[in-house]
Amino acid sequence: MSTKLWTEEQFNCPVCLDLPNDPVTIPCGHSYCMDCIKDFWSKDDAKGEYSCPQCRKIFCPKPSLSRNTMLAEAVEQVRKAALKSDVRDSLRSGRSTVSVPASKSKGSRRLPRWAVLCDMCQGEKKAAVKSCLVCMSSYCEAHLKTHQSQPAMKQHELIVPTGQLAEKICTEHKYLQEFYCRQCKVFVCWLCNSNQHKGHECVSTKAERMERQKVLSEIQAENHQKLKRREHELKELKKMMETMKRSADRVCGDSDSVLLELQRSVERLQELLKELLEQASQERTAEAKEVTGELEAEIKERRKRDNEMKDLARCEDHIHYLQTCEAMCSPLEAEELAGIQVNPGASYEPVRDAILDLRERVEDLCNQELDKIAKQAARRAQTAYQSGYEAMNGDHWNQALPAATATPPSPAEVPAPTQTLTPASTGGFSRMTSISSLFRSHRRGNAQATSPPAPATLSNPPLGGGNPWGMAALAETPPDVNPSLFLDLPPPDSINHTPAFPTLREINLDSIKAPEPRTREEFLQYSVNLILDPNTAHRRLALSEGNTKATLQAAAQPYADLPQRFDGWTQVMCQSPLYAQRCYWEVEWRGRGSSLGVVYGALTRKGSDARAGLGYNAQSWSLELSDTCCSAMHDNQKRDIPVTYSPRLGVFLDLSEGTLAFYSVADSMTHLHTFRGNFTQPLYAAFGVGSGVGVGLDFALGQFSSSTDSIKICSV
């Protein structure tokens with residue numbers, strides 16, 4: 001018997017158990033078919049971690065696969081040798097598995113996953129038709145003939161094909177486990193059913209399967225319905241996306257045509273205006289030239305007469321004087337013109353003013369119309385489609401606390417309402433909603449360009465110099481009026497010389513910003529609904545009116561002791577973070593003093609020191625109020641603000657600009673203070689009741705007993 005250093009089995013792919021096609025070797029050293037390892041790793045794409053089927057070594061990221069040329073040549077030699085009869089015989093004598101062509105070997109993988117393979121087949125495994133309880137093996141039709149032909153084997157008990165037969169034999173009684181004990185949830189043989197499990201509800205495995213099959217059929221039917229529904233939703237979603245894309249392309253093309261026509265109209269207007277001015281100028285210039293010629297002729301004649309009179313006056317011949325004097329007294333030959341009055345203020349400046357006024361009105365009209373278009377587009381996208389699932393928000397406290405202390409709610413505690421996918425969640429129309437700033441008010445920019453620059457002043461000068469807010473990279477001065485994005489800025493050396501008609505310049509879309517709101521109506525378009533979070537409220541704060549009002553009480557409220565609750569400062573936060581790029585809300589306060597502002601979710605809630613006070617740390621920005629004074633607080637730095645009593649405050653947060661502004665809301669909006677900073681974490685609106693300037697240590701120690709102090713989020 002010949003011996004071989006290598007056998008065919010040693011070259012087989014561990015996944016398909018056949019000679020590998022396009023063999024590849026992964027970093028751990030094991031080799032596979034390229035298709036087999038790709039198929040095996042496809043189920044791990046979601047996790048991003050890929051393991052070896054044999055040694056289970058994990059790779060991240062997915063290793064690149066290249067054909068192992070040397071192994072491929074060796075496998076090809078083995079495959080050719082396997083086709084020769086002498087090599088096949090030697091392999092059989094060495095109890096090796098016979099190799100067959102790859103095309104036939106791959107057929108074994110086309111068997112059903114639940115099929116039981118014949119234990120006697122060599123090479124290509126066939127499906128078994130019976131299993132023998134005596135031989136403890138499974139046989140295909142060809143190998144089952146020995147049990148049907150030999151008398152000794154005819155007595156063997158044959159059952160339906162059963163895989164891993166040895167594991168399904170009762171270890172105690174050596175009988176097939178044909179029964180299932182529902183009480184103990186184990187498989188038993190007939191002797192176990194009569195002895196240890198006597199009195200238990202034991203049924204045949206077939207009966208138990210029928211029961212389980214009913215349940216599984218219902219689950220399968222339900223899953224099939226959900227699958228169909230999801231496929232339909234996906235189809236409708238893709239159809240809607242394609243429709244919206246076509247609509248957007250069509251509208252974009254139409255808008256290009258319309259705006260091009262508008263551009264041509266403006267160019268035609270420019271040509272007509274130029275012709276009008278040239279015609280008017282030529283007519284007036286022709287009239288003036290005619291009068292100028294007559295005046296020059298009269299002046300020449302009078303200058304000649306004046307010289308003759310001077311010469312005559314110096315003449316000593318009296319007779320000649322008298323003879324010539326009569327001629328000098330006669331009128332001039334040229335016709336004498338009437339008196340001419342020149343208007344020194346005559347100019348075409350009113351025409352220039354009319355053109356500038358036209359431009360302003362067109363820009364205002366475009367601003368209004370673009371706002372309408374942006375809102376319509378955003379509303380169309382908001383109602384375009386809905387998703388039946390919503391990402392579980394959980395408790396906002398879990399987002400704020402470190403992972404070690406956060407306890408996620410169970411699925412049963414978290415509802416899954418239908419969520420409308422808004423432009424903010426889809427990352428959609430932020431640029432469209434800000435495009436209206438193309439027509440920012442340029443009038444203030446022009447006024448600045450034509451007037452000498454005023455010295456920079458601070459409405460609230462910093463105390464002690466420097467930057468008390470700890471944000472050295474950001475200026476404390478109010479922002480300068482942004483010149484029109486629609487016009488070119490004049491060069492520095494011509495600040496006092498503004499051209500009559502500034503030229504257009506190309507707009508960078510990335511620099512477009514939404515216009516800054518100025519009136520209360522403009523602020524209200526960014527209003528948000530805020531709800532106070534009872535899990536953060538101090539025990540002496542009573543919440544009412546749908547958790548929109550907090551009142552300071554003398555007695556402690558029966559609140560649960562939670563890690564997110566304030567226990568030193570009588571403060572409360574809102575439930576949800578401020579996700580919108582622009583947010584506005586209004587608050588009314590009553591009593592001795594209050595504070596309002598925004599905080600990071602990770603703000604410390606425990607203790608009465610500065611780490612938990614609103615505005616007394618780097619994680620919060622606030623405005624402290626009382627009936628006598630007002631102060632802006634951040635990072636334990638205070639800035640006094642001269643202002644009269646303001647019972648109603650407006651707060652405007654612009655995350656894109658990194659600003660937090662406070663306004664006194666009355667007949668008009670009065671600006672109080674603006675914080676500027678880089679907000680790196682989600683912000684929550686927060687309020688302190690009884691924490692205004694003048695309360696002092698009594699509030700910090702929780703000893704303020706007045707029940708009239710309250711703060712209320714207004715419905716706008």
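Note that the coordinates shown come from a computational prediction; the quantities given were computed from them, not determined experimentally.

**Student:** Tell me about the overall build of the protein, and name the residues and values.
**Tutor:** Secondary structure assignment for the protein yields 16 helices and 25 strands. Split into buried and exposed, the 716 residues of the protein put 31% on the buried side. Taking contacts inside the protein between residues at least 6 apart in sequence as the whole, the part at least 24 apart equals 60%. Accessible surface for the protein amounts to roughly 45300 Å². Of this, 54% is attributable to carbon and sulfur atoms.

**Student:** I'd like a description of the state of the cysteines, backed by residues and values.
**Tutor:** A complete count under the given rule lists zero disulfides for this structure. Looking at the unpaired Cys325, the closest cysteine sulfur is the one in Cys329, lying at 4.2 Å. Taking the relative accessible area as the measure of exposure, Cys325 reaches 26% and is therefore partly exposed.

**Student:** Pulling in residues and values, what's your account of the side chain of Ser138?
**Tutor:** Structurally, Ser138 can be placed in strand 6 (residues 137-139). At a separation of 2.8 Å, a polar atom in the side chain of Ser138 contacts the side chain of Ser131. A distance of 3.5 Å separates the side chain of Ser138 from the backbone oxygen of Thr162, its partner in a polar contact. Not counting chain neighbours up to four residues away, the residues in contact with Ser138 comprise Val116, Leu117, Cys118, Asp119, Met120, Ala128, Lys130, Ser131 and Thr162.

**Student:** Give a description of the packing of helix 8 (residues 205-313) against helix 9 (residues 318-329) that names residues and reports values.
**Tutor:** Remark: helix 8 packs on helix 9, axes separated minimally by 11 Å, with the N-to-C direction vectors making an angle of 160°. Judged by the inter-axis angle, helix 8 sits roughly antiparallel to helix 9. Here the hand of the crossing between helix 8 and helix 9 comes out left-handed. Contact residues: Arg305, Glu308, Met309, Leu312 and Ala313 in helix 8; His320, Tyr321, Thr324, Cys325, Ala327 and Met328 in helix 9. Split into classes, the residues belonging to the contact of helix 8 with helix 9 amount to seven nonpolar, two polar and two charged.

**Student:** I'd love a proper account of the sheet that holds strand 7 (residues 158-159), names of residues and values included.
**Tutor:** Ordered in space as 6-5-7, the three strands form an open sheet in which the pairing is antiparallel. Of all the strands in the sheet, just strand 6 and strand 7 have a single pairing partner and so form its edges.

**Student:** Help me get a handle on the packing of aromatic side chains, residues and values and all.
**Tutor:** This structure, assessed with the given rule, holds 10 aromatic pairs. Relative to Phe652, the ring of Tyr526 has its centre 5.9 Å away and its plane inclined at 55°; by these criteria the two rings are tilted. Linking Tyr526 in the loop between helix 15 (520-524) and strand 13 (541-544) with Phe652 in strand 21 (residues 648-654), this pair joins segments that are 126 residues apart in sequence. The pair Tyr526 / Phe652 is uniform in exposure class, with both members buried. Plain terms: the ring middles of Trp621 and Phe679 are 5.0 Å apart, the flat faces sit at 85° to each other, and that makes the pair edge-to-face. Of the two residues, Trp621 is situated in strand 18 (residues 620-626) and Phe679 in the loop between strand 23 (669-676) and strand 24 (683-689); the sequence distance between them amounts to 58 residues. By relative accessible area, Phe679 is classed as buried at 16%. One aromatic cluster is present, built from ring pairs that chain together Phe523, Tyr526, Tyr584, Phe652 and Tyr663. Positioned above the aromatic ring of Phe566, the side-chain terminus of Arg605 is 5.8 Å from the ring centre.

**Student:** Give me the lowdown on the side chain of Thr659, citing residues and values where you can.
**Tutor:** Position of Thr659 relative to the elements: it lies in strand 22 (residues 659-665). Residues in contact with Thr659, not counting those within four places in the same chain, are Phe652, Leu653, Asp654, Thr674, Phe675, Arg676 and Phe679.

**Student:** Before we move on, can you summarise the sheet that holds strand 8 (residues 179-181) with the specific residues and values?
**Tutor:** Pairing in this open sheet of three strands is antiparallel, and the strands run 9-8-10 from one edge to the other. Both outer strands of the open sheet, strand 9 (186-188) and strand 10 (202-204), are each paired with one neighbouring strand and no more. Strand-to-strand twist in this sheet, taken as the mean axis angle between neighbours without regard to direction, amounts to 35°. Alignment of strand 8 against strand 9, held across three bridges, turns out to be antiparallel. Pairing of Phe179 across the sheet is with Val188, part of strand 9. Sitting on the sheet, helix 8 is in contact with strand 8, strand 9 and strand 10, with an inclination near 90° to strand 10.

**Student:** I'd love a proper account of the pattern of salt bridges, names of residues and values included.
**Tutor:** Here the structure, examined in full by the defined rule, presents 23 salt bridges. Across the pair Glu271 and Arg268 runs a salt bridge, and its minimum N-O distance is 3.3 Å. Taken together, the residues span about one helical turn, with Glu271 and Arg268 both in helix 8 at a distance of three residues. A residue is classified by how much of its surface remains accessible, and Arg268, at 42% relative accessible area, is partly exposed. Among the salt bridges present, the one from Asp311 reaches Arg314, with a minimum N-O distance of 2.6 Å. A cluster of three or more residues bridged by salt bridges with shared partners is formed by Arg520, Glu586, Glu588, Arg590 and Arg648.

About the criteria used
Here, residues in each chain are numbered from 1, in the same order as that chain's written sequence. It should be noted that, the model being predicted, local features are given only for residues of pLDDT at least 70 and side-chain atom pairs only at 80 or more, the latter also being counted only at that level, while totals for whole chains, interfaces and linings use all residues. In computing side-chain properties, one takes all heavy atoms of the structure into account and sets aside hydrogens as well as water. Numbering of helices and strands runs from the N terminus, with a helix taken as a DSSP run of H or I at least four residues long and a strand as a DSSP run of E at least two residues long. Between buried and exposed lies partly exposed: a residue is buried under 20% and exposed over 50% of the maximum accessible area for its type, with that area taken using a 1.4 Å probe on protein chains only. What makes two residues a contact is simply this: any of their non-hydrogen atoms within 4.5 Å. Accessibility throughout is a Shrake-Rupley quantity obtained with a 1.4 Å probe, and a residue counts as covered only by protein chains that appear here. To count as a disulfide, a pair of cysteine sulfur atoms needs to be within 2.5 Å. As used in this structure description, the phrase polar contact means that two N or O atoms lie within 3.5 Å; if the pair is within protein, one of them must be able to donate a hydrogen and the other to accept it, and residues adjacent in sequence are counted only when both atoms belong to side chains. Where helices are involved, their axes are fitted lines through C-alpha atoms of the stretch in contact, as for all axes, and angles between N-to-C directions lie from 0 to 180°. Geometric relationships in this document are graded by angle, where less than 35 degrees denotes roughly parallel, more than 145 denotes roughly antiparallel, 65 to 115 denotes roughly perpendicular, and other angles denote oblique. Left-handed describes a crossing whose near helix is turned anticlockwise from the far helix by less than a right angle; the clockwise case is right-handed. Lys, Arg, Asp and Glu make up the charged group, whereas Ala, Val, Leu, Ile, Met, Phe, Trp, Tyr, Cys and Pro make up the nonpolar group; the residues left over, Gly among them, are polar. Following DSSP output, two strands are said to pair if at least two bridges run between them. Pairing of aromatic side chains requires ring centres within 6.5 Å, counting the rings of Phe and Tyr and the six-membered ring of Trp. Pairs whose planes differ by under 30 degrees are stacked, by over 60 edge-to-face, and all others tilted. For a ring to carry a charge above it, either NZ of a lysine or CZ of an arginine must fall within 6 Å of the ring centroid while also lying within 35 degrees of the normal to the ring plane. Only one rule defines a salt bridge in this text: a Lys or Arg side-chain nitrogen within 4 Å of an Asp or Glu carboxyl oxygen.

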